[in-house]
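So you can see what is in the structure, the chains are spelled out below.
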Amino acid sequence: MAYRWTNNLTRADITPKAAFLNRRQILAGTVGLGAIGLVGPAAAQEALEPNTLEEITSYNNYYEFGTGKEDPARNAGALETSPWSIKVDGMVDNPGDYALEDILAGLTVEERIYRFRCVEAWSMVVPWNGIELADILNKVGVQSGAKYVAFETVVQPENMIGVQRRVLDFPYVEGLRLDEAMHPLTIMATGIYNEPIANQNGAPIRLVVPWKYGFKSIKSIVRITLTDEEPPTSWNKANAREYGFYSNVNPQVDHPRWSQATERKIGGGLFAARQDTLMFNGYPEVASLYEGMDLSEFI
Amino acid sequence: MDLATPINGTLRKLPAWTIYIVSAAWVTWMFYLGATNQLGPEPINVLEREYGELGLKLLVLGLLVTPLRKWTGVNLIKFRRAIGVTAFFVVMAHFLVWALLDVRSFERVWMEIVKRPYVTVGMLAFTMMIPLVVTSNNLSVRRLGAAAWRKLHKLTYLVAILGAVHYLWLVKGFQIEPIIYLVVIVVLVATRYVSLNIRRQPA
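Rules of the game
Residue indices begin from 1 for each chain and proceed along its sequence in written order. Naming scheme: in the order in which they are written, chains are lettered from A and ligands are numbered from 1. Local features are withheld for residues below a pLDDT of 70 in this predicted model, meaning they are given only at 70 or higher, and side-chain atom pairs are given and counted only at 80 or more; totals for whole chains, interfaces and linings count all residues. Helical segments are the DSSP runs of H or I of at least four residues, strand segments are the runs of E of at least two, and each set is numbered from the N terminus. Residues with at least 20 neighbouring C-beta atoms inside 10 Å of their own are called buried, those with 12 or fewer are called exposed, and the rest are partly exposed, where every C-beta is derived from the backbone. Distance between backbone-placed C-beta atoms decides contact: two residues are in contact if it is within 7 Å. What a helix should span is 1.5 Å times the count of its residues minus one. Amino acids are sorted into nonpolar (Ala, Val, Leu, Ile, Met, Phe, Trp, Tyr, Cys and Pro), charged (Asp, Glu, Lys and Arg) and polar (every other residue, Gly among them). The rule for pairing is simple: two strands pair if DSSP sees at least two bridges between them. Where helices are involved, their axes are fitted lines through C-alpha atoms of the stretch in contact, as for all axes, and angles between N-to-C directions lie from 0 to 180°. Working rule for angles: under 35 degrees goes down as roughly parallel, over 145 as roughly antiparallel, 65 to 115 as roughly perpendicular, anything else as oblique. Should the near helix be turned anticlockwise from the far one by less than a right angle, the crossing is left-handed, and should it be turned clockwise, the crossing is right-handed. Each residue carries a pLDDT score, the predictor's confidence in it, ranging from 0 to 100. To count as a nonpolar core, a set of buried Ala, Val, Leu, Ile, Met, Phe, Trp, Tyr and Cys residues must be joined through C-beta atoms within 7 Å.

A. Representation of the overall build of chain A within the structure. Check the secondary structure of chain A and you find 10 helices and 14 strands. Looking at chain A as a whole, 46% of its 299 residues qualify as buried. If you take every contact in chain A between residues at least 6 apart in sequence, the share linking residues at least 24 apart comes to 68%.

Okay, structure coming up:
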């Protein structure tokens, strides 16, 4: 099941360790489907420039560690990530508490260079290392009636200073429709730039759904539940008018308080201009998942 | 023990223009740090926030002058004009960073002001500061007459409240800082209208 989507890049193109801090010109990777004509040439040919590891690890939203962008880098060192286990329950053939090593055993870790678009209208490009979520779901055996996947972030109140402040109703929870979860673009990331993923980026394992706003890509996952009902999601619970279950990147549908038409890529400095936000964050291959749905209603 | 007298003695030696110099230096220094990539990966956002917060802090400080004298005897009155005028220029810097570096299009700036309530409120507060800064000189006090001048400058109360609402409205989730600003400002404004009976004992 691995390699169902490809950046069309060899590893040598992007991640010699010495080059972490260098910006490299890289071709965007909608090529897999672009080759068979499903993707417009504009998206396929656009050059993606990954952010530096320094940028990726110093500008984060992880409210369990504080609401400032620099708070997670400062505070997430306290997170206990080893040993780590994930509870898999609900409509699965093999429920149970899996040690992280066991759930990943035998599965292929790939590099995926994705655009990452925050709902706050900033963006990055991140070279993730991860496993297709579909591989993990197939391993635990999804039962036929299951329609959704629910995820939960760890809560370690003594290690997470933001949890006491109750900015959100913790634990943080997120969810996907099963077809979104099984899509080749959806991965569980365990690394960035071939390094173990930093605590502030969601160590030791997090979801990455590149066509949705970043808050859907839940961090530090301890529970995966298969269910037949749309699961509650944290930001939707906090403010349903502003954050829907789907939260697909959509430049035509504004956040009630700000525009989503443009974004600023992190790392451009004080004089960098905004760039236009792309529908589905530049991953038009997911459009078929939402056929017939009014995306201004299903936000 | 009376702490107010020595504090006032020290303050008397400090010229009011110190406020302008220190604030201008800080605003310039922050901009320099941003321009030389020393404000983290997202300097535009940092500058917006820092300038905005300093503007709000100066408004709070300006509102604090009268109650502080009433409650503790500490007298900051000679700094008040400088505090207010500086608040205007810092808020203008906040607006300029947003308009020129962040949004960068006259059309979009206007659309944001019209369309986004938190921007509308912030813009309203900034606009209301203009008549205040224009009349922050002795000539204007004389021309308007003290009573009318004082009445006009009560706009400050509304400016500060709108500033705090602007902040509260733009954050995500339940965040404590903007709530603290709003509560402090509302209390400081309320002291103008409600007697709290916290009178300084005669020395």
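B. Expanded view of the environment of Lys147 of chain A. Here Lys147 of chain A is to be found in the loop between helix H7 (133-140) and strand S7 (148-153). Contacts of Lys147 of chain A, omitting those with residues within four sequence positions, involve Arg177, Leu178 and Asp228 of chain A.

C. Quick look at helix H9 (residues 155-170) of chain B. All names here are of chain B. For H9, with 16 residues, the first-to-last C-alpha span of 23 Å sits near the 22 Å given by 1.5 Å per residue. Listed as buried for H9 are Val159, Ala160, Ile161, Leu162, Gly163, Ala164, Val165, His166 and Tyr167. Its buried side turned inward, H9 meets helix H3 (43-72), helix H6 (117-134) and helix H10 (176-193).

D. Representation of the interface of chain A and chain B within the structure. Taken together, the contacts link 23 residues of chain A with 17 residues of chain B. Its residues assigned to classes, the side of chain A that touches chain B comprises 11 nonpolar, four polar and eight charged.

E. Summary view of the pairing of strand S13 (residues 262-265) of chain A. All names here are of chain A. Direction of pairing for strand S6 (residues 122-132) relative to S13: parallel, over a ladder of two bridges. Bridge pairing links Trp122 to Arg264 in S13. In this sheet, strand S14 (residues 275-276) lies alongside S13 in antiparallel orientation, the contact comprising two bridges. Among the inter-strand pairings, Thr262 is bridged to a residue of S14, identified as Asp276.

F. The packing of helix H2 (residues 17-35) of chain B against helix H4 (residues 80-103) of chain B, seen in detail. All names here are of chain B. Closest axis-to-axis distance for the H2/H4 pair is 9 Å, and the angle between their directions is 15°. Relative to H4, the element H2 is oriented roughly parallel. Considering only the axes of H2 and H4, their crossing is right-handed. Note on element contacts: H4 touches H2 through Ala82, Ile83, Thr86, Val90 and Ala93, opposite Trp17, Ile19, Tyr20, Ser23 and Val27. Grouping the amino acids of the contact of H2 with H4 by side-chain chemistry returns eight nonpolar, two polar and no charged.

G. Geometry of the confidence of the model for chain B. This prediction gives chain B a mean pLDDT of 94; 96% of its residues lie at or above 70. This complex was scored by the predictor with a pTM of 0.85 and an ipTM of 0.81.

H. The arrangement of the confidence of the model for chain A in detail. Per-chain confidence: chain A averages 89 in pLDDT, with 87% of residues scoring 70 or above. Between residues 18-45 of chain A, whose pLDDT stays under 50, and residues either more than four places distant or in other chains, the model counts 57 contacts.

I. Representation of the nonpolar core within the structure. By size, the foremost hydrophobic cluster in this structure holds 68 residues, and its most contacted members are Val126, Val149, Phe151 and Met188 of chain A. When residues in this core are grouped by element, the largest group, six residues, is from S6 of chain A. If sequence neighbours within four positions are ignored, Phe151 of chain A has contacts with Val173, Glu174, Gly175, Leu207, Ile218, Ile221, Arg223 and Ile224 of chain A. Among the nonpolar cores identified, the runner-up in size contains 36 residues, and Ala93, Val97, Val121 and Ala164 of chain B belong to it.

J. Geometry of the sheet that holds strand S8 (residues 173-177) of chain A. Residue and element names in this part refer to chain A. Strand order in this open sheet of five strands is S4-S3-S12-S7-S8, and the pairing throughout is mixed. Looking at strand neighbours, the two that pair on one side only are strand S4 (96-99) and S8, the edges of this open sheet. The sheet shows a mean angle of 20° between the axes of neighbouring strands, direction not considered.

K. Examining the environment of Gly141 of chain A more closely. All names here are of chain A. With respect to the secondary-structure elements, Gly141 resides in the loop between H7 and S7. Residues Gly141 and Ala287, spaced 146 residues apart in sequence, show a C-alpha to C-alpha distance of 26 Å. If near-sequence neighbours (up to four positions away) are discounted, Gly141 is found in contact with Val92, Asp93 and Asn94.

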